[in-house]
Amino acid sequence: MKWVALAAMVLAVQPAAASQDCTEDAIIVFDGSGSMSEMGFNRLDTPRIFEAREALHRIIPRIERLRRLGLTVYGPGAARDACESVTHHFPPTASAGARILSVIDELAPAGPTPLTRAVAEAAEALDYTRRPATVVLVTDGKETCGGATCQLAAHLAHEGVDLTVHVIGFKVRAEHFDWGRGVNVGAETAASCLAETTGGQYVPAETVDDLVAALSLTLGCPVYGASGPLQRKTPPG
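Residues numbered from 1 in each chain as written. Predicted model: local features only at pLDDT ≥ 70, side-chain atom pairs only at ≥ 80, totals over all residues. Heavy atoms only, no water.

Draft legend 1. Expanded view of helix α2 (residues 48-63). Between its first and last C-alpha atoms α2 spans 22 Å; for 16 residues at 1.5 Å apiece the expected length is 22 Å, and the two agree. At H57, α2 shows its maximal bend, which comes to roughly 30°, and the proline P61 appears one to four places after that position. Within the sequence span of α2, burial applies to R48, I49, E51, A52, R53, A55, L56, I59, I60, R62 and I63. (Helix = DSSP H or I, 4+ residues; strand = E, 2+ residues; numbered from the N terminus. Expected span 1.5 Å × (residues − 1). Bend = angle between axes of the 7 residues up to and from the residue. Buried < 20%, exposed > 50% of the residue type's maximum accessible area, 1.4 Å probe, protein only.)

In structure tokens, the structure reads:
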């Protein structure tokens with residue numbers, strides 16, 4: 001429950017943080033690695049991918065009305081080197097909700113986590129050195145393919161024309177199980193430096209409601225509540 005409260009507090013207190021220009025194209029970089037099929041300790045939880053699908057079905061139809069969206073997925077794929085398995089399903093497109101949901105519904109999580117490569121390729125697809133754009137990375141963990149995540153963050157911040165990378169840490173877990181406190185909820189992915197360096201936000205999410213709120217916060221324009229209406233910014237005058 002504390003993560004729901006945190007998300008609600010962020011949305012209520014800092015609506016301006018979500019007030020990016022809705023004319024900016026955005027790409028969702030989605031974690032399709034094998035860990036997204038995992039359940040909680042002792043198999044008492046739901047696979048992460050099930051909850052992620054539910055959250056996307058709840059929020060994407062609302063977000064698609066506000067801006068053009070594209071989708072990149074990393075993890076599964078036919079690449080000879082599994083760490084090259086990054087799939088750009090489509091560039092930012094109007095009314096892309098149905099296409100995004102179709103891909104995620106059919107996704108079978110597999111493979112390692114080349115999130116650095118995926119974010120870099122998404123930035124290139126957004127032509128980040130020539131125009132403003134947004135990347136929203138949804139990940140449940142750390143880079144596992146040797147990518148220099150924070151080095152990439154510095155490069156994007158230096159070379160980009162107002163590229164913002166938001167990072168949603170979905171059910172991120174620490175390396176080791178803490179027998180005293182149970183599973184380590186609330187660990188922060190090392191990919192948080194992508195947000196910190198590019199002026200984005202790192203948002204932890206533990207539940208479906210949290211993930212809905214996080215996607216609203218990072219892609220809404222602005223958002224006044226996790227369950228309230230997303231509103232397009234009105235130009236001055």
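Draft legend 2. Region of the structure containing the pattern of salt bridges. This model, assessed by the stated rule, comprises 8 salt bridges. For the salt bridge of R48 with D140, the shortest nitrogen-to-oxygen distance reads 3.6 Å. Within this pair, whereas R48 is found in helix α2, its partner D140 is found in the loop between β4 (133-139) and α5 (149-159), the two being separated by 92 residues in sequence. With respect to class, R48 is no different from D140; both count as buried. R117 serves as the salt-bridge partner of E121, at 3.0 Å between the closest nitrogen and oxygen. Residue E121 and its partner R117 are located together in helix α4 (residues 115-125), separated by 4 residues, close to a single helical turn. According to the relative accessible area criterion, E121 is partly exposed, its value standing at 24%. Looking at R117, the relative accessible area reads 36%, which means it is partly exposed. Salt bridges sharing common partners tie together D25, R68 and R131. (Salt bridge = Lys/Arg side-chain N within 4 Å of Asp/Glu carboxyl O.)

Draft legend 3. Seen up close, the sheet that holds strand β5 (residues 163-170). With mixed pairing, the 6 strands of this open sheet are ordered in space as β3-β2-β1-β4-β5-β6. Each edge of the sheet is formed by a strand with only one pairing partner; in this case those strands are β3 (86-93) and β6 (202-205). Within this sheet the neighbouring strands show an average axis-to-axis angle of 15°, counted without direction. Where β4 and β5 come together, 7 bridges link them in parallel fashion. Paired with V136 across the two strands is H166, which belongs to β5. (Pairing = 2+ DSSP bridges. Axes fitted to C-alpha atoms, helices over the stretch in contact; angles between N-to-C directions.)

Draft legend 4. Representation of the pairing of strand β2 (residues 69-74). Counting buried residues along β2, 6 of its 6 residues qualify, which places the element largely inside the surrounding structure. Burial of β2 is two-sided: the residues L69, L71 and V73 facing one way and the residues G70, T72 and Y74 facing the other way are all buried.

Draft legend 5. How the structure looks around the state of the cysteines. Summed over the entire model, instances satisfying the criterion amount to 2 disulfides. Sulfur-sulfur distance for the disulfide between C83 and C145 comes to 2.1 Å. The S-S bond linking C83 to C145 shows a torsion near -80°; that makes this disulfide left-handed. Linking C83 in the loop between β2 and β3 with C145 in the loop between β4 and α5, this pair joins segments that are 62 residues apart in sequence. Exposure remark for C83: the relative accessible area of 23% places this residue in the partly exposed category. There is a disulfide in this structure between C150 and C193, and the S-S distance comes to 2.2 Å. For the disulfide bridge between C150 and C193, the dihedral angle about the S-S bond is near -105°, and by the sign convention the bridge is left-handed. Residue C150 is found in helix α5, and its partner C193 is found in helix α6 (residues 192-198); the two are separated by 43 residues along the sequence. Residue classification places C150 among the partly exposed residues on the basis of a relative accessible area of 45%. (Disulfide = S-S within 2.5 Å.)

Draft legend 6. Region of the structure containing α4. Taken together, the buried positions of α4 are L115, T116, A118, V119, A122 and A123. Buried residues of α4, seen end-on, are gathered within an arc of 165° and therefore sit on one face of the element. Looking one or two places after α4, you find D127, whose phi comes out positive at around 55°. (Arc of directions from axis to C-beta.)

Draft legend 7. Spatial organisation of the packing of α2 against helix α3 (residues 97-106). Their axes nearest at 10 Å, the elements α2 and α3 cross at an angle of 175°. Put simply, α2 runs roughly antiparallel to α3. Contacts from I49, R53, L56, H57, I60 and P61 in α2 reach G97, I100, L101, I104 and D105 in α3. Classifying every residue of the contact of α2 with α3 gives 7 nonpolar, 2 polar and 2 charged. (Parallel < 35°, antiparallel > 145°, perpendicular 65-115°, else oblique. Contact = heavy atoms within 4.5 Å. Nonpolar A, V, L, I, M, F, W, Y, C, P; charged D, E, K, R; others polar.)

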